[in-house]
Amino acid sequence: MTDRIVVVGAGIAGLGVAMALARDGREIVVVDRDAAPPPNVEAAFDTWERKGVTQLRHSHVFLGCLVTLIRDRHPRLHDMLHKAGARELDFEATLPASLQGKYTAADGDRDLAFLFSRRTTLEHTIRAYVEKLPGVRFLTSTIVRDLLLDKTAAIHTVKGVRIEREGAAPEDLTAAAVIDACGRTSVLTDWLRERGVTIDEEKSPAGILYFTRHYRLREGQDEPPRDLIPGAGDLGYIKYGVFAADNRHFSITLAVPEIESELRVATLNPKTFDAICNHIPGMARWIDPVRAEPVTKVFGMGNLHNVWRHFVKAGEPVVLNYFAVGDSAIRTNPLYGRGCSSAVLHAHILGDAMNATTDPRDQAIAFDKRSHKELRPFWNALMKQDLGAIRRAKNEQDPTYKPRLKARLIKSFAEDAIGPATRSNLGVLRALMKGFHMLAMPTAWLANPTVVLRVLGMWLTPKSKKLYPPKLGPNRKEMLEALGLKTA
Ligand SMILES: Cc1cc2nc3c(=O)[nH]c(=O)nc-3n(C[C@H](O)[C@H](O)[C@H](O)COP(=O)(O)OP(=O)(O)OC[C@H]3O[C@@H](n4cnc5c(N)ncnc54)[C@H](O)[C@@H]3O)c2cc1C
């Protein structure tokens, strides 16, 4: 009986599993269909072909949850990321203009840091770190074609995988456990279902299409200041964000609602993409040709969903020695930047469960229980947020739409209470950012009476005394007309 662990997929979750499980005396084989990484981060950005990771060249930002986990559990990797050019922006540096100069330090502020890096730089660096961990080896350009299953017992038990290396005949690789870290396109659960394993799935649409273009600052030029003009916003018919990155790179993402059929086709054209950015002040100054030059085409991506797959039913695992981690088990709308944090945290929850016991049933139950406790509240919140955004995008196209009282109250609470409170009160912003960075549950701030009172107090404050953001950009009609597109 082997105690080898096979990790299928060398993306963020697969690397996270190796980080969490590697130790002397344990063999971990990470299998990936894609080729080994090129020698450095620039070559990785320019040439690393990743058929298995279609989002590789989309904008990514990394949250405090991921940064603190790496900093506290993998300090050498933390150093390596900084050496590779990744940058951390701490809480004080991300304060809105209205709170700059009013900062006073509090416990935990250090954790509220974003990591700015291209996805390729992050993955290339984590990979270099994992390659040196004890007992870990990679099989690259090797695709997993099937799961080896023992069907004699009352419950299906996974015994390994069938692999196919480029140009070679298929071979079997036995394992004590198989980790499915195949990402959003994983077919391992399909193979289990075909053999009669019941895997329940919840799925709801993200309702957007994602468009990304990368740029590089010209020599001698700097990023624009972080002032009153926000680099991210929601215009209803389009959401946008500037993603600072490593080594003078940055990218811009435009998220277009699926129902905006003409706009979504037009956005893929680099000229239209830049024209949209030039109509929105928060982005126009970033792509000013004096400041920066585009370095890629526009990448588009659709078919985005929130997904949660269940591998424990009525308290019992549906399969043994098989664990799905990261996007193959839990997916959220990329707009919220949670996927990599969630994947690496999920991987460490699995690592803790597998390090605590060798009993596969207990491992599965412990993994499921903690995943629900630590990740499910975020999934629930984002799924609901997306359904609300889909409704709003639909209403945006209907000139006769009149919101009901409940919808008006929710909108007013967000725009006239929470928004201005975060712009004018450090304590409120700090409490909400803890949830944003996945360092506290999304609704934890509601249990803090001081924060709640400040938000409610802000709701009652006259509008003339509140801080609202400047106009972010043109409305839908103005933008579509400026682009020469039909408005209805
Ligand atoms: C457009 C977009 C933007 C995003 N932006 C952000 C962001 O800003 N911040 C953030 O944190 N997250 C973001 N995410 C989410 C993040 O990219 C994912 O959550 C993360 O990549 C999940 O990691 P994973 O390892 O589960 O899957 P992946 O990273 O997709 O890796 C899967 C791996 O499995 C391999 N594989 C698949 N099938 C097989 C097989 N049969 N045999 C062998 N190998 C196989 C693939 O080659 C690949 O290497 C974004 C996602 C999208 C779609």
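Everything quoted here is computed from the prediction, not taken from an experiment.

Caption draft 1: Structural context of the overall build of the protein chain. Regarding its fold elements, the protein chain presents 15 helices and 22 strands. Taken over the C-alpha trace, the protein chain has a radius of gyration of 23 Å; the compact-globule value for 488 residues is 23 Å, and the two agree within 12%. Judged by the C-alpha coordinates and their principal axes, the protein chain covers about 70 × 50 × 50 Å. In the protein chain, which comprises 488 residues, the proportion classed as buried is 53%. Pairs at least 24 residues apart make up 74% of the contacts formed inside the protein chain by residues separated by at least 6 positions. Total accessible area computed for the protein chain in this model is approximately 22,200 Å², and 54% of it derives from carbon and sulfur atoms.

Caption draft 2: Focus on the sheet that holds strand 10 (residues 200-205). What the three strands build is an open sheet, ordered 10-17-22; its pairing is antiparallel. Strands at the two margins of the open sheet, each flanked by one partner only, are strand 10 and strand 22 (330-331). Where strand 10 and strand 17 (residues 305-310) come together, six bridges link them in antiparallel fashion. Across the sheet, residue aspartate 200 finds its bridge partner in strand 17, namely histidine 310. Where helix 11 (residues 360-396) meets the sheet, its contacts fall on strand 10, strand 17 and strand 22, and the angle it forms with strand 17 comes to roughly 145 degrees.

Caption draft 3: Focus on the pairing of strand 14 (residues 249-257). Most of strand 14 sits inside the fold, with nine of its nine residues counted as buried. Both faces of strand 14 are covered, namely the face carrying His249, Ser251, Thr253, Ala255 and Pro257 and the face carrying Phe250, Ile252, Leu254 and Val256. Sheet topology note: the strand 11 (residues 208-217)/strand 14 ladder contains nine bridges and is antiparallel. Following the sheet pairing, leucine 209 is matched in strand 14 by valine 256. Both strand 13 (residues 239-244) and strand 14 contribute to a ladder of six bridges, which runs antiparallel. Paired with phenylalanine 243 across the strands is serine 251, a residue of strand 14. Between strand 13 and the antiparallel strand that follows it, strand 14, lie four residues; asparagine 247 among them carries a positive phi value of about 50 degrees.

Caption draft 4: Broad picture of the packing of aromatic side chains. Across all of its chains, the model carries nine aromatic pairs by this definition. Here the aromatic rings of phenylalanine 114 and phenylalanine 116 are separated by 6.4 Å at their centres, their planes lie at 15 degrees, and the arrangement is stacked. Taken as a pair, phenylalanine 114 and phenylalanine 116 share a single burial class, namely buried. Judged by centre distance (4.9 Å) and plane angle (65 degrees), the rings of phenylalanine 413 and tryptophan 459 are edge-to-face. Of the two residues, phenylalanine 413 is situated in helix 12 (residues 405-424) and tryptophan 459 in helix 14 (residues 449-460); the sequence distance between them amounts to 46 residues. Judged by relative accessible area, which is 23%, phenylalanine 413 ranks as partly exposed. Look at tryptophan 459 and you get partly exposed, because its relative accessible area is 30%. The residue whose ring lies beneath arginine 118 is phenylalanine 45, and the NZ or CZ to ring-centre distance is 4.8 Å. Its guanidinium or amino end placed over the ring of tryptophan 308, arginine 376 lies 4.9 Å from that ring's centre, counting from NZ or CZ.

Caption draft 5: Expanded view of the site of the ligand. Near the ligand you find 36 residues, and of these Ala13, Asp32, Arg50, Arg119 and Cys340 are the closest. Contact between the ligand and glycine 339: a nitrogen atom at 3.4 Å from a main-chain N or O atom of the residue. Where the shell around the ligand is concerned, the elements lending two or more residues are helix 1 (12-21), strand 6 (142-150) and helix 10 (339-356). Looking at the shell around the ligand residue by residue, the classes come out as 16 nonpolar, 13 polar and seven charged.

Caption draft 6: Focus on the side chain of glutamate 260. Mapped onto the elements, glutamate 260 comes out in the loop between strand 14 and helix 7 (261-266). In this structure glutamate 260 touches Tyr237, Gln397 and Arg476, once residues within four positions along its chain are discounted.

Caption draft 7: Spotlight on the state of the cysteines. This structure, assessed with the given rule, holds zero disulfides. Left without a disulfide partner, cysteine 340 is nearest to the cysteine sulfur of cysteine 65, which lies 11 Å away.

About the cut-offs
Residues numbered from 1 in each chain as written. Predicted model: local features only at pLDDT ≥ 70, side-chain atom pairs only at ≥ 80, totals over all residues. Heavy atoms only, no water. Helix = DSSP H or I, 4+ residues; strand = E, 2+ residues; numbered from the N terminus. Rg over C-alpha atoms; globule rule 2.2 N^0.38 Å. Buried < 20%, exposed > 50% of the residue type's maximum accessible area, 1.4 Å probe, protein only. Contact = heavy atoms within 4.5 Å. Areas by Shrake-Rupley, 256 points an atom, 1.4 Å probe, with all protein chains shown as cover. Pairing = 2+ DSSP bridges. Axes fitted to C-alpha atoms, helices over the stretch in contact; angles between N-to-C directions. Phe/Tyr/Trp six-rings, centres within 6.5 Å; stacked < 30°, edge-to-face > 60°. Lys NZ or Arg CZ within 6 Å of the ring centre and 35° of its normal. Near = heavy atom within 4 Å. Polar contact = N/O pair within 3.5 Å; in protein donor to acceptor, adjacent residues only side chain to side chain. Nonpolar A, V, L, I, M, F, W, Y, C, P; charged D, E, K, R; others polar. Disulfide = S-S within 2.5 Å.

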